[in-house]
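Structure assessment
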Amino acid sequence: MSEIFIQTFFLYFIVIDPLGNTPLFLSITQHMETKQKIKVAVSATIIATIILLFFALLGSSLLSYLHISYPAFTIGGGIILLIIAIEMLFDKRQQRKGEDIDLNSDNVSIFPLATPIIAGPAAITSVIVSVSDIGTNFTNQTVGMFSLVIVLFLTFIIFFIASKFSKLINKKIIGVISRVVAIILVGLSVQYILDGIKTFLA
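Counting restarts for each chain: residues are numbered from 1 in the order of the written sequence. Totals for whole chains, interfaces and linings use every residue, but because this is a predicted model, local features are given only for residues with pLDDT of at least 70 and side-chain atom pairs only at 80 or more, for both listing and counting. Excluded from the side-chain calculation are hydrogens and water; included are all heavy atoms of the structure.

Some words on a nonpolar patch on the surface
Stated formally: Here a patch means residues that are over 30% exposed by relative accessible area and free of salt bridges, tied together within 9 Å if like-charged and within 5 Å if nonpolar (Val, Leu, Ile, Met, Phe, Trp, Tyr). All accessible areas in this document rest on Shrake-Rupley with a 1.4 Å probe, and a residue is counted as covered only by the protein chains that are shown. Only one rule defines a salt bridge in this text: a Lys or Arg side-chain nitrogen within 4 Å of an Asp or Glu carboxyl oxygen. Here the term buried applies to any residue with accessible area under 20% of the maximum for its type, exposed to any over 50%, and partly exposed to those in between, with areas from a 1.4 Å probe on protein chains only.
Taken together, the side chains of Val 190, Leu 194, Ile 197, Phe 200 and Leu 201 present a nonpolar region at the surface, about 510 Å² in accessible area. Of the residues examined, Val 190 reaches a relative accessible area of 36% and is grouped as partly exposed.

Concerning the side chain of Ser 163
Basically, it comes down to this: A helix here means a DSSP run of H or I that spans at least four residues, while a strand means a run of E at least two residues long, and both kinds are numbered starting from the N terminus.
Within the secondary structure, Ser 163 is located in helix H8 (residues 138-164). The exposure class of Ser 163 is buried, given its relative accessible area of 3%.

Observations regarding the packing of aromatic side chains
Note the threshold: For Phe, Tyr and Trp, rings pair up if their centres lie within 6.5 Å, where Trp contributes its six-membered ring, and each pair is then called stacked (planes under 30 degrees apart), edge-to-face (over 60) or tilted (otherwise).
Inspection of every chain in the model, using the stated rule, returns 7 aromatic pairs. Both rings, one in Phe 5 and one in Phe 9, keep their centres 5.9 Å apart while their planes meet at 25 degrees; by these two values the pair is stacked. Of this pair, Phe 5 and Phe 9 both sit in helix H1 (residues 2-16), 4 residues apart, which is roughly one turn of that helix. Taking relative accessible area as the criterion, Phe 5 reaches 27% and is therefore assigned partly exposed. Judged by its relative accessible area of 16%, Phe 9 falls in the buried class. Taking 6.0 Å as the distance between ring centres and 45 degrees as the angle between the ring planes, the aromatic pair formed by Phe 156 and Phe 160 counts as tilted. Residue Phe 156 and its partner Phe 160 are located together in helix H8, separated by 4 residues, close to a single helical turn.

Considerations on the packing of helix H3 (residues 34-65) against H8
Counted only if it meets this: Axis angles are defined between N-to-C directions and span 0 to 180 degrees, where every axis is a line fitted to C-alpha atoms and, for a helix, only to the segment in contact. Should an angle fall under 35 degrees it is taken as roughly parallel, and over 145 as roughly antiparallel, whereas 65 to 115 is taken as roughly perpendicular and any remaining angle as oblique. Crossings are classed by handedness, with left-handed meaning an anticlockwise turn of the near helix from the far one by less than a right angle and right-handed meaning a clockwise turn. Pairs of residues are marked as contacts when any of their non-hydrogen atoms sit within 4.5 Å.
Where H3 contacts H8, the two axes come as close as 9 Å, and the packing angle between them is 165 degrees. By the angle between their axes, H3 is roughly antiparallel relative to H8. Read as a crossing pair, H3 and H8 show a hand that is right-handed. For the pair H3 and H8, contact is made by Thr 34, Lys 37, Ile 38, Ala 41, Val 42, Thr 45, Ala 48, Thr 49, Leu 52, Leu 53, Ala 56 and Leu 57 and by Met 145, Leu 148, Val 149, Leu 152, Thr 155, Phe 156, Phe 159, Phe 160, Ser 163 and Lys 164, respectively.

Digging into the nonpolar core
Operational definition: Throughout this description, the term nonpolar core refers to a set of buried Ala, Val, Leu, Ile, Met, Phe, Trp, Tyr and Cys residues connected via side-chain atoms within 4.5 Å.
By size, the foremost hydrophobic cluster in this structure holds 48 residues, and its most contacted members are Val 15, Ile 16, Leu 52, Leu 113 and Leu 185. Contributions of two or more residues to this core are made by H1, helix H2 (18-28), H3, helix H4 (70-89), helix H6 (109-118), helix H7 (121-134), H8 and helix H9 (171-201).

Here's the deal with unusual backbone geometry
In this structure, Pro 112 follows Phe 111 across a cis peptide bond, with omega equal to 15 degrees. Along the chain, Pro 112 falls in helix H6. Cis geometry is found at the peptide bond from Thr 115 to Pro 116, where omega equals 15 degrees. With respect to the helices and strands, Pro 116 occurs in helix H6. One non-glycine residue, Asp 17, lies in the positive phi region at around 55 degrees. Its place among the elements puts Asp 17 in the loop between H1 and H2. Unusually for a residue other than glycine, His 67 sits at a positive phi of about 60 degrees. In this fold, His 67 is placed in the loop between H3 and H4.

Read these as geometric descriptors, not functional statements.
Written as structure tokens, this is what we have:
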């Protein structure tokens, strides 16, 4: 169980990328008071949690209903993650996300914060693939979902700290961390593709 927790925790932490999303959070809420920023952080992480748990619970059934095979989804998910990893490695992901930000949105905690910034395609794909990999064991599934909730809670904590100390956030340090994470994500995405091909050929 501890192995499942560690594996899923690092997977979710990498694809949700709370550290990399912090500058975007601060950019979206830059004109808000500290209390309002915290309120937005709470709402965004709760909504993202609901979205990701929904796909964790029903994602496999949804794939079956749409007649999408597990190998096809795994390979597709690996390709998406690889593209995101390359964007992160060359500092294009935050730029793209920043261009997509709608500061005039009626409720920024839902869009764009909860989705697609926190619960984006990579996170949704990883949740579905991870749940399928874990299998049907209830205890193991519970551990995997618990690690997801922990990562989302840490996302809120990071946003909370950023709200309190926004002037101290060093974007260069975050950039370095994002690049290290990107290298790990490249390996993970290629592994997804190889696993999908292996399952298809088996």
